[in-house]
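Geometric and topological summary
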Amino acid sequence: MRFERSGALPGDVEAVVIGVPSDRLDAVGAPASLLEAQGFEGRPDQTATVVREDGTTQVYVGVGPSAQLDVLALRRAAAVAARACGRRRSAAYTLLDLVPSEDQAAATEAIVEGILLAGYRFSRYRSEPPPPSLERVVLAGAPSVADDDGEAAIERARRVAEAVALARDLVNTPGGELTPALFAEAAVEVAERENLRVTVLGPDEIAEAGLGGLLGVNRGSLNPPRFVELSYEPDDPEGSLALVGKGITFDSGGLSIKTAEGMMTMKDDMGGAAAVLGAFSALAAVRPRCRVSGYLPLTDNMSGGDATRPGDVLKIRNGKTVEVLNTDAEGRLILADALSLASEARPDAIVDLATLTGAVEVALGNRIAGLLGNDQHWIDEVRSAAERVGERVWQLPMPDDYRPRLDSDVADLRNISKTKDAGTITAALFLREFVGEGIPWAHLDIAGVAWWGDADEAEMSRGGTGWGVRTLLELARTFRAGR
Ligand code: BES
Ligand code: ZN
Ligand code: ZN
């Protein structure tokens with residue numbers, strides 16, 4: 001997609017997008033009667049289209065109350081309008097008219113991001129090409145932002161949207177195709193393009209490193225596991241941040257097998273690893289001042305002839321032993337190894353993303369991720385980064401008196417709670433056992449938000465969401481050790 005900037009409204013576009021605040025319906029020169037007939041009140045997600053005699057279309061998009069017009073509202077409105085443009089190939093966006101001059105660069109970034117995210121398609125397996133959509137967008141009426149700033153904003157938005165698209169593509173690629181080896185290759189490709197350091201451990205090296213959780217989960221599979229480490233190193237780094245992502249390329253449940261229904265979307269069980277890789281692919285565009293390391297344990301969870309059996313005991317990298325009583329609680333086993341390894345490098349903070357529990361979707365639904373951790377300051381930073389980019393999170397508690405539910409009769413821990421309640425919390429309490437002493441750690445349970453099963457809506461398309469990429473980029477961009 002091409003983006004241009006222009007002070008004046010161009011004459012050669014098929015659509016003109018006009019943002020309408022709900023308290024200024026009359027201010028945009030819109031034909032009030034026409035809008036009214038379409039029930040248009042300028043509320044978020046509302047659109048009304050007017051086809052003019054010369055064949056161009058005016059797309060009115062609601063942005064809500066003008067006092068609440070922030071980057072989130074702009075990004076959403078831009079996305080909604082892009083969808084409303086349908087099969088038109090070119091559009092002029094005049095949303096910047098609503099934005100004071102000092103905010104125009106940030107607004108440009110949000111608008112471009114919204115348009116690109118709404119334009120995402122996963123069509124690799126279609127024999128018919130997808131219907132045409134916007135190809136050229138003119139951001140009109142932005143004379144107040146310097147050319148360089150405007151172009152830089154567009155470029156940043158493009159890099160971020162491509163990072164989200166990479167994560168979505170990885171999630172949408174079927175589990176039978178995206179093996180751990182192929183995922184690792186994708187990571188190496190990103191690393192080579194972005195000048196990141198990368199190491200890929202295969203099965204022998206994983207065994208040597210004592211990653212017993214990853215090996216145990218992999219035992220029922222014909223696809224060998226991988227463990228990918230990525231690192232981004234700025235000049236004179238200030239502090240270090242570790243990103244950990246659950247990379248189950250398909251979760252059948254193992255011998256504690258899932259139902260047919262429960263398995264249908266389980267190619268998304270590497271959504272955490274995909275978000276981390278997506279973030280690494282665009283780190284250079286946000287220029288973090290800290291060192292950033294990524295840890296991706298990759299395997300599928302299958303039920304082959306020598307699969308881990310309920311009752312088996314695994315030894316995790318940090319020396320703790322785990323009695324596996326349910327092979328479907330596999331994410332925490334591979335994350336245990338990854339968190340142990342990440343901790344050994346003594347980063348200033350760790351954040352992990354994992355499609356960890358069905359319980360989080362019961363509690364918070366498919367629009368809000370669960371947030372837990374061991375350090376309230378760090379949790380607050382993660383929360384505020386997520387809020388700034390419009391990825392919604394809600395914190396759940398870590399009650400110490402729930403910890404005995406993970407006591408095992410034969411090992412240091414069991415991998416499922418003794419009770420059926422509080423599944424998201426007990427999973428996080430399990431993970432906490434593998435975070436190094438004194439390291440601030442936050443955990444995002446993205447099982448509900450990594451997959452969008454509803455109709456396409458604004459920036460969201462059906463399938464993988466790429467949830468977390470933008471939060472991680474914002475977190476890395478603003479990270480300061482010891483705050
Ligand atoms: N990958 C699943 C969690 C999941 C569920 C992700 C639904 C996305 C949508 C995870 O490995 C799992 O199976 N968790 C079990 C844990 C239980 C056995 C303690 C669950 O949530 O049922
Ligand atoms: Zn599982
Ligand atoms: Zn899983």
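Above: the structure in question.
A short note on the sheet that holds strand S17 (residues 413–414)
Spatial strand order, S12-S13-S17: 3 strands in an open sheet with mixed pairing. Two strands bound the open sheet, and with one partner strand each, they are strand S12 (313–315) and S17. Both S12 and strand S13 (residues 321–323) contribute to a ladder of 3 bridges, which runs antiparallel. Of the residues in S13, the one forming a bridge with Val313 is Glu323.

Brief notes about the packing of aromatic side chains
Here a ring pair, both rings aromatic, is described through the centre-centre distance and the interplanar angle of the planes. If you walk through the whole model with that rule in mind, you get 3 aromatic pairs. Relative to Tyr125, the ring of Phe122 lies with its centre 5.9 Å away and its plane at 50°, an arrangement referred to as tilted. On the basis of relative accessible area, Tyr125 is assigned to the partly exposed category, the value being 45%. With 5.6 Å between their ring centres and 85° between their planes, Trp378 and Phe479 make a pair best called edge-to-face. Taken together, the residues Trp378 in helix H12 (residues 376–389) and Phe479 in the segment after helix H14 (469–478) connect sequence positions 101 residues apart. Across this residue pair, the class does not change: Trp378 and Phe479 are buried. Its guanidinium or amino end placed over the ring of Tyr120, Arg168 lies 5.2 Å from that ring's centre, counting from NZ or CZ. Sitting over the face of the ring of Phe434, Lys320 holds its NZ or CZ atom 6.0 Å from the ring centroid.

Focus: the site of ligand 1
Surrounding ligand 1, one finds 15 residues, the nearest of these being Lys258, Asp269, Asp328, Glu330 and Gly358. Here an oxygen atom of ligand 1 sits 2.9 Å away from a polar atom, N or O, in the side chain of Asp251. In the environment of ligand 1, an oxygen atom lies 2.7 Å from a nitrogen or oxygen atom belonging to the backbone of Gly358. About the coverage of ligand 1: the protein hides 76% of its 510 Å² of free accessible area. Taken together, the residues that form the shell around ligand 1 break down as 4 nonpolar, 4 polar and 7 charged.

Reading guide: rules and limits
- Residues numbered from 1 in each chain as written.
- Chains lettered and ligands numbered in written order.
- Predicted model: local features only at pLDDT ≥ 70, side-chain atom pairs only at ≥ 80, totals over all residues.
- Heavy atoms only, no water.
- Pairing = 2+ DSSP bridges.
- Helix = DSSP H or I, 4+ residues; strand = E, 2+ residues; numbered from the N terminus.
- Phe/Tyr/Trp six-rings, centres within 6.5 Å; stacked < 30°, edge-to-face > 60°.
- Buried < 20%, exposed > 50% of the residue type's maximum accessible area, 1.4 Å probe, protein only.
- Lys NZ or Arg CZ within 6 Å of the ring centre and 35° of its normal.
- Near = heavy atom within 4 Å.
- Polar contact = N/O pair within 3.5 Å; in protein donor to acceptor, adjacent residues only side chain to side chain.
- Areas by Shrake-Rupley, 256 points an atom, 1.4 Å probe, with all protein chains shown as cover.
- Nonpolar A, V, L, I, M, F, W, Y, C, P; charged D, E, K, R; others polar.

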